[in-house]
Amino acid sequence: MGTDPLQELEQIADDAATAIRQAASLKGLEEQRVAWLGRKSRLNELMKHIPSLPADQRGAFGKRMNEVKASVESALSSRRDTLAASPARAPLDVTLPGSAIPQGRLHPITQTIQSILALFVPMGFEIVEGPELEFEYYNFDALNIPKDHPSREGFDTFFIDRPSPDPTRGRLLLRSHTSPVQIRVMEQRQPPLRIVVPGKVYRPDPLDPSHSFMFHQVEGLMVDGRTSFADLKGVLDRFLKALFGPDTKTRFRPHFFPFTEPSAEVDIACASCRGSGCSTCGRKGWLEIMGCGMVHPNVLKAVRYDPQRVQGFAFGMGVERIAMLKHHIADIRLFFENDLRFLEQF
Ligand code: DAH
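Reading the values: rules and limits
- Residues numbered from 1 in each chain as written.
- Predicted model: local features only at pLDDT ≥ 70, side-chain atom pairs only at ≥ 80, totals over all residues.
- Heavy atoms only, no water.
- Near = heavy atom within 4 Å.
- Polar contact = N/O pair within 3.5 Å; in protein donor to acceptor, adjacent residues only side chain to side chain.
- 1 Å grid on protein atoms, 1.4 Å probe; cavity = no way out; pocket = protein on both sides within 12 Å on 5 of 7 lines; lining within 4 Å.
- Sits in = over half its atoms within 2 Å of the grid points.
- Helix = DSSP H or I, 4+ residues; strand = E, 2+ residues; numbered from the N terminus.
- Nonpolar A, V, L, I, M, F, W, Y, C, P; charged D, E, K, R; others polar.
- Phe/Tyr/Trp six-rings, centres within 6.5 Å; stacked < 30°, edge-to-face > 60°.
- Buried < 20%, exposed > 50% of the residue type's maximum accessible area, 1.4 Å probe, protein only.
- Lys NZ or Arg CZ within 6 Å of the ring centre and 35° of its normal.
- Axes fitted to C-alpha atoms, helices over the stretch in contact; angles between N-to-C directions.
- Parallel < 35°, antiparallel > 145°, perpendicular 65-115°, else oblique.
- Contact = heavy atoms within 4.5 Å.
- Domains from an automatic or database assignment.
- Pairing = 2+ DSSP bridges.
- Core = buried A, V, L, I, M, F, W, Y, C linked by side-chain atoms within 4.5 Å.

Engineer: For the site of the ligand, give the residues involved together with the corresponding values.
Structural biologist: His177, Ser179, Arg203, Gln217 and Glu219 are the nearest of the 16 residues found near the ligand. A distance of 2.9 Å is found between a nitrogen atom of the ligand and a side-chain nitrogen or oxygen belonging to histidine 177. For the ligand, an oxygen atom lies 2.8 Å from a polar atom in the side chain of arginine 203. Because more than half of its atoms lie within 2 Å of the grid, the ligand is assigned to the largest pocket. Within the residue set of the shell around the ligand, elements represented by two or more residues are β6 (214–224), β9 (286–295) and β10 (311–318). When its residues are assigned to classes, the shell around the ligand shows six nonpolar, eight polar and two charged.

Okay, here's the thing in structure tokens:
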């Protein structure tokens, strides 16, 4: 030991006081007790030197040694009291409110799709899906939308810039509506048939409060030997009353779609103004909610059904539009920005 034993003793007293003050837990404090008072402690080491001290210094040194030990002991005990009383060790107060565990939820569009489908399933409709990457044939030709026909312009489309894997079915594209799934299902199966088809569709529209280049539709198709326009009206009227409330008024307005004949657009009376005209409905009193009609004979022929023996209806609706009307949302972009302050409201 090079240094003066008394100096070393004072150094130990300082070091111990600091280390004990910094002990952060009862377990850490116990380690400090062993380090400063244990068998292998610096104090114990120093004791061995007492016999080699000049006789007149031994008494004072021994006395100081005992004082240092006592002060280490009292520092340990006061730190122990402090740690034991700290909030981390406070007894559990079972009356305190629990801390909420953050909970995930389904996206409002998923919720809307699910509530739409849940209304058709009890009416005997089966849920079917189809590809988003589609052939021109299914998206257009088989649906009686011939090439160069002006109606094709109404379904502006993203074409895929790659050679088609099957040129007999035309170019590849991102489907611009869910109607091609009608064809895919009818090609595979025979009537009677009742399906609903949820899914994403794509159109090269600039983003604005009511347009998005990707949105969702739910398509419907019912085909058998006798299904009539009256059935179509009955199914859709029941669906819209279940979705928007039993007092919802519906209106079928003649329209044109290439794949149905006759075709109609379905309106519901504006809930905001009850039909008298307001800004929600553009002063019309009615809100356009979906397209529908009786499946066109050319569509039935495209899937080798005999239009003399089977008939049916089809319909298609935009999911975002329905969600916006139901929840009074003014801007479609909110659905895709995924701001939690918006999503957490559903
Ligand atoms: N596919 C049409 C669209 O995207 C919606 C539609 C209208 C679907 C009439 C149908 C229908 O099945 O019969 O605008």
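Engineer: So what about the packing of aromatic side chains? Which residues, and what values?
Structural biologist: If you walk through the whole model with that rule in mind, you get 11 aromatic pairs. With centroids separated by 5.5 Å and ring planes inclined at 75 degrees, the aromatic side chains of phenylalanine 120 and phenylalanine 125 adopt a geometry described as edge-to-face. An identical accessibility class is assigned to phenylalanine 120 and phenylalanine 125; each is buried. When the ring of phenylalanine 335 is compared with that of phenylalanine 336, the centres are 6.5 Å apart and the planes differ by 65 degrees; the resulting orientation is edge-to-face. Here phenylalanine 336 falls in the partly exposed class, since its relative accessible area comes to 29%. Aromatic rings pair up to connect Phe120, Phe125, Phe239, Phe313 and Phe315 into one cluster. One cation-aromatic arrangement involves arginine 171 over phenylalanine 159; the distance from NZ or CZ to the ring centre is 3.9 Å.

Engineer: An account of the packing of helix α1 (residues 5–22) against helix α2 (residues 26–37) is requested, with residue identities and associated values reported.
Structural biologist: Put simply, α1 and α2 touch, their axes get as near as 10 Å, and they point 170 degrees apart. Of the possible angle classes, the one that applies to α1 and α2 is roughly antiparallel. Contacts between α1 and α2 involve Ile12, Asp15, Ala16, Ala19 and Ile20 on the former and, on the latter, Leu29, Gln32 and Trp36. When its residues are assigned to classes, the contact of α1 with α2 shows six nonpolar, one polar and one charged.

Engineer: Lay out the domain arrangement of the protein chain in plain terms, naming residues and giving numbers.
Structural biologist: Per the domain assignment, the segments making up the protein chain are domain 1 (5–83) and domain 2 (108–130 + 174–343). Once you take the C-alpha centre of each, domain 1 and domain 2 turn out to be 83 Å apart.

Engineer: Lay out the sheet that holds strand β3 (residues 158–159) in plain terms, naming residues and giving numbers.
Structural biologist: Read from one edge of the open sheet, three strands run β2-β4-β3, paired in antiparallel fashion. Edge positions in the sheet fall to β2 (133–135) and β3, since each has one partner strand and no second. Two strands pair when backbone bridges link them, and β2 and strand β4 (residues 172–174) are joined in this way by three bridges, in the antiparallel orientation. Counterpart to glutamate 134 in the pairing with β4 is leucine 173.

Engineer: Residues and numbers for the side chain of histidine 216, please.
Structural biologist: Inspection of the secondary structure assignment puts histidine 216 in strand β6. Within the local environment of histidine 216, its side chain forms a polar contact with the side chain of glutamate 320, the two groups lying 2.6 Å apart. Other than its neighbours up to four places away in sequence, histidine 216 contacts Ile109, Ile113, Gly199, Lys200, Met317, Gly318, Val319, Glu320 and Phe336.

Engineer: So what's going on with the sheet that holds strand β7 (residues 250–257)? Which residues, and what values?
Structural biologist: Taken in spatial order, the seven strands make up an open sheet running β1-β5-β6-β10-β9-β8-β7, and their pairing is mixed. On the outer flanks of this sheet lie β1 (126–127) and β7, each paired with one strand and no other. Bridging between β6 and β10 involves eight bridges; their strand directions are antiparallel. From the neighbouring strand, glutamine 217 faces β10, where its bridge partner is glycine 318. Contacts between helix α8 (residues 229–244) and the sheet are confined to β7, β8 (260–269), β9 and β10, with β9 contributing the most and set at about 150 degrees to the helix. Sitting on the sheet, helix α10 (residues 319–327) touches β6, β9 and β10, and the angle it makes with β10 is about 60 degrees.

Engineer: Describe the pairing of β7, with residues and values.
Structural biologist: Bridge count for β7 against β8 is seven bridges, and the pairing is antiparallel. Looking at β8, one finds that phenylalanine 252 is bridged to valine 266. The antiparallel pairing of β7 with β8 creates a hairpin that spans two residues between the two strands.

Engineer: Describe the nonpolar core, naming the residues involved and giving the relevant values.
Structural biologist: Formed by 43 residues in total, the largest nonpolar core has its most connected members in Phe120, Phe125, Leu236, Phe239, Met290, Phe315 and Met317. Secondary structure elements with two or more residues in this core: α5 (108–120), β6, α8, β8, β9, β10, α10 and α12 (340–343). A per-element tally of this core places α8 first, with six residues. If we skip the residues at most four places from it in the chain, leucine 236 touches Phe120, Phe252, Val266, Met290, Cys292 and Phe315.

Engineer: Can you tell me about the environment of aspartate 15, naming the residues and giving the values?
Structural biologist: Locating aspartate 15 in the fold gives a position in helix α1. Taking relative accessible area as the criterion, aspartate 15 reaches 27% and is therefore assigned partly exposed. For aspartate 15 and arginine 42, which are 27 residues apart along the polypeptide, the C-alpha to C-alpha distance reads 11 Å. Setting aside chain neighbours within four positions, we find aspartate 15 in contact with Trp36 and Arg42.

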